[in-house]
Amino acid sequence: MTVSQPTPNDVALMAGRAGYVLKGNDRGDFTVASPTLYPHMWSWDAGFVALGIATVSVPRALTELRTLLSGQWATGMLPHILFHSPSDYFPDTDRWRTQVAAARPAGVLTSGITQPPIHVIALSRILHDARRRGGPDRELAEAFVVETFPQWLAWHRYLATARDPYAHGLVEIHHGWESGMDDSPRWDAPYSHVHPGPEMPPFVRRDLAHVSDPSQRPSDAEYARYLWLLEQKVRARYDDAAYRATGDFVVGDVLVSALLAAASDLLADIGAELGIVEGVEESRAIARRFRTGVLRSVDPATDLARDLDLRTGKYLDVDSAAGFAPLLCGGDDALIRRQRDLLLGPRWCGHSRLRWPVVPSVSPASPHFRERTYWRGPQWPVLNWLMAWALNRSGEQEAANSLRLAGLAQLVDCDFAEYYEPLTGEQLGSRDQSWTAAIALDFLAARRPGRRRPVRLLTSELPRVTPAGRPPTQEFGGPTVAR
Ligand code: 9WN
């Protein structure tokens, strides 16, 4: 399928509304992940948000990362949520009970688990923007890198030690939420060993009130397992070794590992460029170890990387987008070329039933594929961005550009949904999702290859557009209307 360039009108509308969404979700020194479903700061969302905001304001982008770092635990862990004012999000701080953890930060309420280490990838992107602009932006960004380098290194070191104590070269996750892909079929086998005990406190889900159709979200049985693992983390007082000895879910995650490798490479690069000596070699060593771990996990029969269930010692064979982890961390040029062809080919983005040739979370050719359910098939713009970024970085500009253009075409309705039904293009989950708007800004800024150009942020609301050829869609139960 050929996807054409967005028209100047599309570009202006999309940039304006993306900026408007991010402004609406801005709470001063951080951005909520979405206005109603996710009213707090999420860790990997914040990375994407920061790189999108940087196309408009480098100082504000750095503030986003600084706020995230204020939640860092003494272990180096960046928690997956920094809680803002009270809200109806569940699980809330009373459920997380992080006061049992010695390593929690003072004065900031957080969850007790983590999310994928996208942040230094965002930081290097922001630095790139700032250097292109020069002047105070450049000075500010470079000073920020020098000041925060030890904190980023501590974050990566935490993942490389507390979460890989036996040096498998795969980052261990203790909860599906830590992968960012909560209910992905990647986790079906490990979750089949998670059995909520009678001691589990009762719970009422609040997420379902914010979506038009519950089947777009994980099921109640899945939620019970998520909350049971949370209880196990509390019982272990959020100590990783204690949890490892007692918890039910311990998996080596290839996507997190590849991101750690890529981010560690970049941290070493930007550190060395700025004359930082301490930590640069350590960062390179982390990158090498996790790149090796990811490449070792690749199944020669499918060319996809595989997560490792550390409870059973078995690799997990699922056709999920995480299988393209080697694209993100590199290290084997022939494999990268094969993965590029696979990703753009008929099992993935080139699948004949897809509305847009954008990375689906699970291959439509897989028996696990479910087109409307969360991480079991829908297209998540951030995943598409990651793969485009990775292809670009490994010199595959044409392939990267095809994902970028398709990603822009998918977002042209300006709803900035959380995820998209891959066969019809329908918006699913939350609307006005911050990271989706941020991705749009970044993709727009990159529309002249090799020359990132800033987009202009409009401060007034712009209409949502329902592109011709698509059925009208529902927004929180009501019809989408031009505003
Ligand atoms: C749990 C905020 C987050 C994303 C995750 C996505 C979803 C949370 C939830 O929303 O997870 O962390 O309540 O469903 O799966 O990737 O960071 O956007």
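Placed above this text is the structure.
Counting of residues starts from 1 at the beginning of each chain's written sequence and follows it residue by residue. It should be noted that, the model being predicted, local features are given only for residues of pLDDT at least 70 and side-chain atom pairs only at 80 or more, the latter also being counted only at that level, while totals for whole chains, interfaces and linings use all residues. Only hydrogens and water are set aside; all other atoms, that is, all heavy atoms of the structure, feed into the side-chain values.

Q: Help me understand the environment of Met 41, please; the structure alone is not making it clear to me.
A: Counting from the N terminus, the helices are the DSSP runs of H or I reaching at least four residues and the strands are the DSSP runs of E reaching at least two. Mapped onto the secondary structure, Met 41 falls in strand β1 (residues 41-42). Along the chain, Met 41 and Trp 435 lie 394 residues apart, while their C-alpha atoms are 11 Å from each other. Those residues in contact with Met 41, other than ones at most four positions away along the chain, are Phe 30, Thr 31, Ala 46, Glu 64, Thr 67, Leu 68, His 80, Ile 81 and Leu 82. When checking whether two residues touch, look at their non-hydrogen atoms; a contact exists if any pair is within 4.5 Å.

Q: Quick question: what am I supposed to make of the nonpolar core here?
A: Soluble globular proteins tend to bury their nonpolar side chains together. Throughout, nonpolar core names a set of buried Ala, Val, Leu, Ile, Met, Phe, Trp, Tyr and Cys residues whose side chains join them through atoms within 4.5 Å. Accessible area is worked out with a 1.4 Å probe on protein chains only. A residue is then buried under 20% of its type maximum, exposed over 50%, and partly exposed in between. Phe 48, Trp 152 and Leu 343 are the most contacted members of the largest nonpolar core, which has 149 residues in total. Of the residues forming this core, the biggest block, 13 residues, is contributed by helix α10 (residues 254-273). Residues contacting Leu 343, with those up to four places away along its chain left out, are Phe 324, Leu 327, Trp 348, Cys 349, Gly 350, Val 359, Met 387, Leu 391 and Leu 403. If you look at the next biggest cluster of nonpolar residues, it comprises 6 residues, including Val 3, Trp 356, Val 358 and Ala 406.

Q: When you look at the sheet that holds strand β4 (residues 251-253) in this model, what are you seeing that I'm missing?
A: Within a sheet, adjacent strands bond to each other through the backbone by hydrogen bonds, running parallel or antiparallel. DSSP bridges decide pairing: two strands pair if at least two such bridges lie between them. Pairing in this open sheet of 4 strands is antiparallel, and the strands run β3-β4-β5-β6 from one edge to the other. Edge positions in the open sheet fall to β3 (171-173) and β6 (314-316), since each of these has one partner strand only. Averaged over all pairs of adjacent strands, the angle between strand axes in this sheet comes to 35°, irrespective of strand direction. Note: β3 against β4, 3 bridges, orientation antiparallel. Across the sheet, Ile 173 pairs through a bridge with Val 251, a residue of β4. Angles shown run from 0 to 180 degrees and are taken between the N-to-C directions of axes, each axis being a line fitted to C-alpha atoms and, for helices, limited to the stretch in contact.

Q: Explain the packing of helix α5 (residues 119-133) against α10 here, please?
A: Any two packed helices are characterised by how steeply their axes cross, that is the angle between the axes, and by the distance between the axes. Close contact between α5 and α10 brings their axes to 8 Å; oriented N to C, the two are set at 40°. Relative to α10, α5 is oriented so that their crossing is left-handed. Two secondary-structure elements touch here, α5 through Val 120, Ile 121, Leu 123, Ser 124, Leu 127 and Arg 131 and α10 through Leu 259, Ala 262, Ala 263, Leu 266, Leu 267, Ile 270 and Glu 273. Polarity classes work like this: nonpolar for Ala, Val, Leu, Ile, Met, Phe, Trp, Tyr, Cys and Pro, charged for Asp, Glu, Lys and Arg, and polar for all others, with Gly in that last group. In the contact of α5 with α10, the residues fall into 10 nonpolar, 1 polar and 2 charged. Helix crossings are classified by the rotation of the near helix relative to the far one: an anticlockwise turn of less than a right angle makes the crossing left-handed, while a clockwise turn makes it right-handed.

Q: It is not clear to me how the site of the ligand should be interpreted in this structure. Could you clarify?
A: Taken together, 17 residues surround the ligand, and among them Asp 45, Tyr 89, Gly 180, Asp 182 and Tyr 374 come closest. Side-chain atoms alone can form a polar contact between residues adjacent in sequence; in general such a contact is a pair of N or O atoms within 3.5 Å, and within protein one must be able to donate a hydrogen while the other accepts it. In this structure, Trp 42 approaches the ligand through a side-chain N or O atom, which is 3.0 Å from an oxygen atom. Between an oxygen atom of the ligand and a side-chain N or O atom of Asp 45, the distance comes to 2.6 Å. Isolated, the ligand exposes 410 Å² of accessible area, and the fraction of that covered by the protein chains is 99%. At a threshold of 2 Å from the grid points, most atoms of the ligand map onto the largest cavity. Here the residues of the shell around the ligand sort into 10 nonpolar, 4 polar and 3 charged. To be near a molecule or strand, a residue needs just one of its heavy atoms within 4 Å of it. Accessible surface area values rest on a Shrake-Rupley calculation with a 1.4 Å probe, where residue burial reflects the displayed protein chains alone. Only protein atoms enter the calculation, which uses a 1 Å grid: trapped sets of points that fit a 1.4 Å probe without letting it out are cavities, open sets showing protein on both sides within 12 Å along at least five of seven lines are pockets, and any residue with an atom within 4 Å of a point is a lining residue. More than half of a molecule's atoms lying within 2 Å of a cavity's or pocket's grid points is what places that molecule inside it.

Q: I would appreciate a short explanation of the packing of helix α2 (residues 43-53) against helix α14 (residues 381-393) in the present structure.
A: Taken N-terminus to C-terminus, the directions of α2 and α14 make an angle of 65°; their axes are 12 Å apart at the nearest point. Seen from above, α2 lies across α14 with left-handed handedness. Contacts from Trp 44, Phe 48 and Leu 51 in α2 reach Val 382, Trp 385 and Leu 386 in α14. Classifying every residue of the contact of α2 with α14 gives 6 nonpolar, no polar and no charged.

Q: Explain the layout of surface pockets to me, please; I cannot follow it from the model alone.
A: A water-sized probe, rolled over the atoms, reveals where empty space remains. Grid points are joined across faces, edges and corners, and a volume is the space filled by probe spheres set on the points. Considered as a void within the structure, the second largest pocket measures approximately 230 Å³ in volume. Taken together, 15 residues make up the lining of the second largest pocket; nearest its centre are Met 1, Val 3, Cys 349, Pro 357 and Ser 402. Here the element with the most residues in the lining of the second largest pocket is helix α15 (residues 397-410); it accounts for 4 residues. Its residues assigned to classes, the lining of the second largest pocket shows 9 nonpolar, 6 polar and no charged.

Q: Looking at this structure, I do not really get unusual backbone geometry. What am I missing?
A: Leaving glycine out, the prevailing phi sign among residues is negative, and the prevailing peptide bond configuration is trans. Between Phe 90 and Pro 91 the backbone carries a cis peptide bond, its omega angle lying at 5°. A positive phi angle, close to 60°, is found at Tyr 238, a residue other than glycine. Summarising the element assignment, Tyr 238 is placed in the loop between α8 (220-235) and α9 (240-246). Classification of Tyr 238 by relative accessible area gives buried; the value is 7%. The phi dihedral of Asp 303 falls on the positive side, at around 65°, and the residue is not glycine. By relative accessible area, which is 16% here, Asp 303 ends up buried.

Q: In this structure, what is going on with empty space enclosed by the protein? I would like to understand it.
A: Within the structure shown, the criterion is met by 6 cavities of 30 Å³ or more. Computed from the structure, the largest cavity encloses a volume of approximately 200 Å³. Together, 18 residues line the largest cavity, and Tyr 38, Trp 42, Gln 115, Asp 182 and Tyr 374 are the ones closest to its centre. Its residues assigned to classes, the lining of the largest cavity comprises 10 nonpolar, 4 polar and 4 charged.

Q: Can you walk me through the packing of aromatic side chains in this structure?
A: Each aromatic ring pair is specified by the distance between its two centres and by the angle formed by the two planes. Aromatic rings from Phe, Tyr and Trp, with only the six-membered ring used for Trp, were paired whenever their centres fell within 6.5 Å, and each pair was classed as stacked if the ring planes differed by under 30 degrees, edge-to-face if by over 60, and tilted otherwise. A complete count under the given rule lists 24 aromatic pairs for this structure. On the numbers, 5.9 Å between centres and 75° between planes, the contact of Trp 73 with Tyr 238 is edge-to-face. Of this pair, Trp 73 sits in the loop between α3 (58-69) and β2 (81-82) while Tyr 238 sits in the loop between α8 and α9, and the two are 165 residues apart along the sequence. Since its relative accessible area comes to 5%, Trp 73 is described here as buried. Among the aromatic residues, those joined into a cluster by ring pairs are Trp 44, Phe 48, Tyr 374, Trp 375, Trp 380, Trp 385, Trp 389, Tyr 419 and Trp 435. A cation over a ring is seen here: Arg 205 above Tyr 223, with NZ or CZ 3.9 Å from the ring centre. Note on geometry: a ring has a charge over it if NZ (lysine) or CZ (arginine) is within 6 Å of the ring centre and within 35 degrees of the ring normal.

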